[in-house]
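This is what each chain is made of:
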Amino acid sequence: MSFRPRATVHLSHIVANWQAIDQLHPGATTAAVVKANGYGLGAARVSDALSKAGCSTFFVAHVEEGVMVRRTLGQARRIFVLNGPAAGDMRSYREASLTPVLSSEDQVALWTREGRGPCALHFDTGMNRLGLPPAMIETHLDALKKLQPVLVMSHLACADEPDHPLNQAQLDRFTRIANAFPDTPASLANSAGCYLGGAYAFDLTRPGIALYGGSDAPGHVALSPGVTLDARILSVFRARAGDTVGYGATHRLEEDRMLATVALGYADGMPRAGSNALIGYLDGAPCPVLGRISMDLITIDVSKAQAAAKTGARVEFLGPHAKLEDQAARAGTLGYELLTGLSNRVERFYV
Ligand SMILES: *Cc1c(COP(=O)(O)O)cnc(C)c1O
């Protein structure tokens, strides 16, 4: 028996989530965003499963991620690299048949000079993060069209707030851009953008977090957790009223309690900000984290699950009970950060 924490990646759920998003917009192609090692769950395994399910288009952030996903997928799939090319990357783009997303005038100049093959153009329609200025379609449309882009895209800043006025403003600006490239497929929506209605879908959607079971999907979209994270109990013991728990003695027991210490910590990616806040589930029963999360250990109150509290028993910290977004909120963060933060010490299993 190993005490190492375990992430069970549910590839069948990830495929089902992709299909659920795909069904929202039958007229659009549904891509898969697998950057940051498939949101921490394993880009190769996730891409392979989605490709076999019919997904034809993948997005990564870095060229190195693209090279790795290309090795898994073979030549038939399109892989876009969101952060685009740096000088010196040309050979990797060519050899791995990667499609850069050009997001700055420097990148447009670089690709115009040295690039070979297809590219995508990313316009900033109001997020002020990354993308070409929309005014370029007035000043440089011919030069941009000479690059023969295979996709024009933009990214929504507030898609998770459906009533935010920036959504409509970005939609209007992006529609003008898409109309300037009438023969080029267009893409605007991330996961949350897929829930904003058909106008946002254009030709291609780019869900990421939804594939892994995250983001608060509306009621009619049923997503399943992409991962179950569990860790084993190392020790079960009784602590007395008045005792404190963990570093800094930040939790004081008001009555006698049955506690258990679990082999999981911030070195595995459980944020320390979840001290005195996260909940583990033992046999489905909630067991609150008491005291500070330390590097390798978390102490929980197992009073509600005493029969199951045995050395070696597995406590769920993400999964069907410990919902990603709920757990993230307890730690003051997002599902995105929890998933991508799972460290290499967590052993991945694929089912
Ligand atoms: C990360 C990313 C996505 C996916 O976003 P989710 O919110 O995870 O669906 C889509 N497009 C761009 C440009 C991104 O950077």
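For the structure, check the block above.
Residues numbered from 1 in each chain as written. Predicted model: local features only at pLDDT ≥ 70, side-chain atom pairs only at ≥ 80, totals over all residues. Heavy atoms only, no water.

### Side note on the overall build of the chain
Okay, so step 1: On a plain count of helices and strands, the chain comes out with eleven helices and 19 strands.
Okay, so step 2: Burial analysis of the chain (351 residues in total) assigns 52% to the buried set.
Okay, so step 3: Accessible surface for the chain amounts to roughly 15,400 Å². Of this, 49% is attributable to carbon and sulfur atoms.
Okay, so step 4: Charged side chains of the chain number 33 positive and 33 negative; the gap between the two group centres comes to 6 Å. (Helix = DSSP H or I, 4+ residues; strand = E, 2+ residues; numbered from the N terminus. Buried < 20%, exposed > 50% of the residue type's maximum accessible area, 1.4 Å probe, protein only. Areas by Shrake-Rupley, 256 points an atom, 1.4 Å probe, with all protein chains shown as cover. Lys, Arg positive; Asp, Glu negative; His and termini not counted. Charge placed at Lys NZ, Arg CZ, Asp CG, Glu CD.)

### Side note on a nonpolar patch on the surface
Okay, so step 1: A surface patch of nonpolar side chains, about 370 Å² in accessible area, is lined by Met1, Phe3, Leu234 and Leu297.
Okay, so step 2: Tracing the chain through its elements places leucine 234 in strand β11 (residues 227–239).
Okay, so step 3: The class of leucine 234 is partly exposed, set by a relative accessible area of 32%. (Patch = residues over 30% accessible without salt bridge, like charges linked within 9 Å, V, L, I, M, F, W, Y side chains within 5 Å. Salt bridge = Lys/Arg side-chain N within 4 Å of Asp/Glu carboxyl O.)

### Observations concerning the side chain of threonine 30
Okay, so step 1: Mapped onto the elements, threonine 30 comes out in strand β2 (residues 29–30).
Okay, so step 2: At 2.6 Å, the side chain of threonine 30 forms a polar contact with the side chain of aspartate 22.
Okay, so step 3: Beyond its immediate chain neighbours, meaning those up to four positions away, threonine 30 contacts Trp18, Ile21, Asp22, Cys55, Thr205 and Pro207. (Polar contact = N/O pair within 3.5 Å; in protein donor to acceptor, adjacent residues only side chain to side chain. Contact = heavy atoms within 4.5 Å.)

### Details of unusual backbone geometry
Okay, so step 1: One non-glycine residue, tyrosine 39, lies in positive phi territory at about 50°.
Okay, so step 2: Examined against the element boundaries, tyrosine 39 turns out to sit in helix α2 (residues 35–39).
Okay, so step 3: For tyrosine 39, a relative accessible area of 6% gives the class buried.
Okay, so step 4: Phi at phenylalanine 202 takes a positive value of approximately 50°, unusual for a residue other than glycine.
Okay, so step 5: Considering the arrangement of structural elements, one finds phenylalanine 202 in the loop between β9 (186–187) and β10 (204–205).

### Structural notes on the site of the ligand
Okay, so step 1: The local shell around the ligand holds 14 residues, among which Lys35, Tyr39, Ser191, Ile209 and Tyr336 are the closest.
Okay, so step 2: Take asparagine 190: an N or O atom from its side chain is 3.1 Å from an oxygen atom of the ligand.
Okay, so step 3: For the ligand, an oxygen atom lies 2.6 Å from a polar atom in the side chain of tyrosine 336.
Okay, so step 4: Taking 390 Å² as the accessible area of the ligand by itself, protein coverage stands at 93%.
Okay, so step 5: Here the ligand occupies the largest pocket. (Near = heavy atom within 4 Å. 1 Å grid on protein atoms, 1.4 Å probe; cavity = no way out; pocket = protein on both sides within 12 Å on 5 of 7 lines; lining within 4 Å. Sits in = over half its atoms within 2 Å of the grid points.)

### A short note on the pairing of β11
In regular strands, side chains alternate between the two faces of the sheet.
Okay, so step 1: Here four bridges tie strand β1 (residues 6–9) to β11, and the two strands are oriented antiparallel to one another. In the sheet register, threonine 8 faces β11, and the bridge partner there is threonine 228.
Okay, so step 2: Two strands pair when backbone bridges link them, and β11 and strand β18 (residues 314–318) are joined in this way by four bridges, in the antiparallel orientation. Note on β18: the bridge partner recorded for leucine 229 is leucine 318.
Okay, so step 3: Both β11 and strand β14 (residues 257–262) contribute to a ladder of six bridges, which runs antiparallel. Each bridged residue has a counterpart across the sheet, and for alanine 239 the counterpart in β14 is arginine 257. (Pairing = 2+ DSSP bridges.)

### Here's the deal with the nonpolar core
Okay, so step 1: Of all hydrophobic cores here, the largest spans 97 residues; its most connected members are Leu50, Leu282, Ile300 and Phe317.
Okay, so step 2: Looking at this core element by element, the count peaks at five residues for helix α9 (residues 165–180).
Okay, so step 3: Those residues in contact with leucine 282, other than ones at most four positions away along the chain, are Ile233, Cys287, Val302, Ala305, Ala308, Ala309, Ala313, Arg314 and Val315.
Okay, so step 4: Counting six residues, the second-largest nonpolar core is a separate cluster that includes Ala189, Cys194, Ala210 and Val221. (Core = buried A, V, L, I, M, F, W, Y, C linked by side-chain atoms within 4.5 Å.)

### Looking at empty space enclosed by the protein
The gaps of empty space that remain are located by a probe, the size of a water molecule, rolled over the atoms.
Okay, so step 1: In the structure shown here, the tally under the stated rule is one cavity of 30 Å³ or more.
Okay, so step 2: Considered as a void within the structure, the largest cavity measures approximately 40 Å³ in volume.
Okay, so step 3: Taken together, His122, Phe123, Asp124, Thr125, Met127, Arg129, Leu130, Ser154, His155 and Gln170 make up the full set of residues lining the largest cavity.
Okay, so step 4: Its residues placed into classes, the lining of the largest cavity shows three nonpolar, five polar and two charged. (Points joined across faces, edges and corners; volume = space filled by probe spheres on them. Nonpolar A, V, L, I, M, F, W, Y, C, P; charged D, E, K, R; others polar.)

### Some remarks on the pattern of salt bridges
Okay, so step 1: Tallied over the entire structure, the rule returns ten salt bridges.
Okay, so step 2: Among the ionic pairs, aspartate 230 bridges to arginine 6, the shortest N-O distance being 3.0 Å. Linking aspartate 230 in strand β11 with arginine 6 in strand β1, this pair joins segments that are 224 residues apart in sequence.
Okay, so step 3: We classify aspartate 230 as buried; its relative accessible area is 7%.
Okay, so step 4: On the accessibility criterion, arginine 6 (24% relative accessible area) is partly exposed.
Okay, so step 5: Lysine 52 serves as the salt-bridge partner of aspartate 48, at 2.9 Å between the closest nitrogen and oxygen.

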